[in-house]
Amino acid sequence: MKILGIESSCDETAAAVVEDGTTLLSNVIHSQIDIHTEYGGVVPEIAARSHLEVVGPVISKALAQANLEWSDIDAIAVTYAPGLIGSLLAGTLTGRGLAILHKKPLYPVHHVEAHVYANFITDQSDAVNLPLPSSAPTFPLLALIVSGNHTQLALFKNHGDYVLLGQTQDDAVGEAFDKVAKILGLPYPGGPSVAKAALAGDSSAHTIARARLQNPYDFSFSGPKTAVLRAIQREVGVDYTFPSHQLSQRLTQSQVNDFAASFQFSAVKTLVDATQKAYIEHSPASVVIAGGVAANTELRKQLSERLPIDVQYAPIQLCTDNGAMVASLGYFQSQTVSPSDPYVLSTLPRLSMNDTTWV
Ligand code: KG4
Ligand code: ZN
C-alpha cells in the first residue's frame, strides 16, 4: 500500500511516498529556515504563506521522485494536529482537496505521534539514499519525543496503543535550546548552534538548576533557561534587569562555549534521567528517540551510557519534520481505522497525544 504523506505543521513543507509503512519511495522537504532566520524564530503568518506557495510543487516532486502517478497512490495521510493553525491548514486543506479530486482515502495523523514512526522506516528505493536502520523497533516501545515544540515520554504497547508517561509543562526542550542560543548570540536554529559551541566548552563550568516535578516523567525547561540567563548576567556583572539581547556582546567565545556546554549537559541529563527511570519501571523491548533534538550527539551519548540496550533513532532527515513519518503512521492507522471524510476534516492546533489513541 503506497501512501503519500503531507507535513506542514510548523516551518517545513514536506511530502513523501512510503510503501506499507516501512519502505521510503521518495522524500521531499522544503525548509523555511532561511526565511525565518532574520527574525530569529518562526513567524506564523510567513510560515503559512510559504506553505501555500510550495505545498503543490513539493507534492508533485515527491510523486515524480517515486516515479509514480496519482493512480499508483492508495491513500493520503496528512498532519492535522497539533501545530501552527495557518501552517496546519495549508497541508490539511491540500490533503483534503487531493483526496476528493483523486478519490483517495484520507488519514489524519498527529504530528508528535508521527515523529515516532520515522523509526519504522527501514527500507528505501533507489530514489532515496538515507542511512536507515536495518530493523524496526519492537513493542513495548519507549519513545522520547524531543523537538522544537514537544517534549514527551510515551510507552507504546502496540501501534496506536500508548500511554503518555509525561511531557513538558512549559517550554519544549528544542525551544529552550533555541532561546539559550539567542541569549548567547548564536544563530537560529539554536539547537545545532548550541551543540556546536558546546563541543569546545566545559560542561562543568556552570551548574544549571534542574526542575523537580511531582511526576518524574514530566519536564520543565523554562526555569533552566532562565537559570542560564541569570548565570550569564552574574558572569558579566549586571543585574536581572539588563536586556538579554545585549548580553552576548559582553561574553568571550570561551564563555559562550562553556554556557552552551553547561546548558546542554543539564538539559540532556534531565531527558536521560526520565528515560532511564521509565526504562527501569517498564522494561520496554525498544527505546527510540524522535524529533529534531534526537540529532543531538550529547543526548545519544548519555542515553547509550545509561541504558542497557541500544537506543534507536532515524537519520537526521527523518528526525526533523518530514512527510515520510506521516505516511508511515498513516499506513499503520489504515490497518485499523476508517479514513476520514475529506469534506469535513478540521485542524486541531492544540490536540494532546493523550487524546489520539486510535485503536
Ligand atoms: O522536529 P523539529 O524539526 O520541529 C518541531 O516539530 O519542533 O525540531 C526542531 C528543533 C529545534 O528546536 C532545533 O533547535 C532542535 O530541534 N535541534 C537540536 C539539534 N538539531 C535540531 N537541538 C539540539 N541539538 C541538535 N543537534
Ligand atoms: Zn516536529
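Preceding this section is the structure that the text describes.
Keep in mind it's a predicted model, so treat the numbers as computed, not measured. (Residues numbered from 1 in each chain as written. Chains lettered and ligands numbered in written order. Predicted model: local features only at pLDDT ≥ 70, side-chain atom pairs only at ≥ 80, totals over all residues. Heavy atoms only, no water.)

(A) Spotlight on the coordination of the zinc ion (ligand 2). Taken together, the protein donors to the zinc ion (ligand 2) comprise H111 (NE2), H115 (NE2) and D321 (OD), at separations of 2.0 to 2.1 Å. Geometry at the zinc ion (ligand 2) is irregular, judged from its four donor atoms and the angles of 95 to 144 degrees they form at the metal. Mapping the donors of the zinc ion (ligand 2) onto the primary sequence yields the spacing H-x3-H-x205-D. Residue H111 is found in helix α4 (residues 111-117), and its partner D321 is found in the loop between α10 (316-319) and α11 (324-334); the two are separated by 210 residues along the sequence. Considered together, H111 and D321 belong to a single accessibility category, that of buried residues. (Donors = N, O, S within 2.8 Å, 3.2 Å for Na, K, Ca; no water. Tetrahedral: all angles 85-135°; square planar, octahedral: opposite > 155°, others 65-115°. Helix = DSSP H or I, 4+ residues; strand = E, 2+ residues; numbered from the N terminus. Buried < 20%, exposed > 50% of the residue type's maximum accessible area, 1.4 Å probe, protein only.)

(B) View of unusual backbone geometry. The omega torsion of the bond from A81 to P82 falls at -25 degrees, within 30 degrees of zero and hence cis. If you trace the backbone, P82 turns up in the loop between β4 (75-81) and α3 (85-102). Omega for the bond connecting Y188 with P189 falls within 30 degrees of zero, at -5 degrees, which places this linkage in the cis form. A positive phi angle is found at D20, which is not glycine, with a value near 50 degrees. For D20, the position within the fold is in the loop between β2 (12-19) and β3 (23-31). With relative accessibility at 33%, the residue D20 sits in the partly exposed group.

(C) Region of the structure containing helix α7 (residues 222-236). Taking 1.5 Å per residue as the helical rise, α7 with its 15 residues ought to reach 21 Å, and the 22 Å between its terminal C-alpha atoms agrees with that figure. Within the sequence span of α7, burial applies to P224, K225, V228, L229, A231, I232, Q233 and V236. Looking at the buried side of α7, the elements it contacts are α5 (173-183) and α8 (253-282). Two residues or fewer after α7 comes G237, characterised by a positive phi angle close to 80 degrees. (Expected span 1.5 Å × (residues − 1). Contact = heavy atoms within 4.5 Å.)

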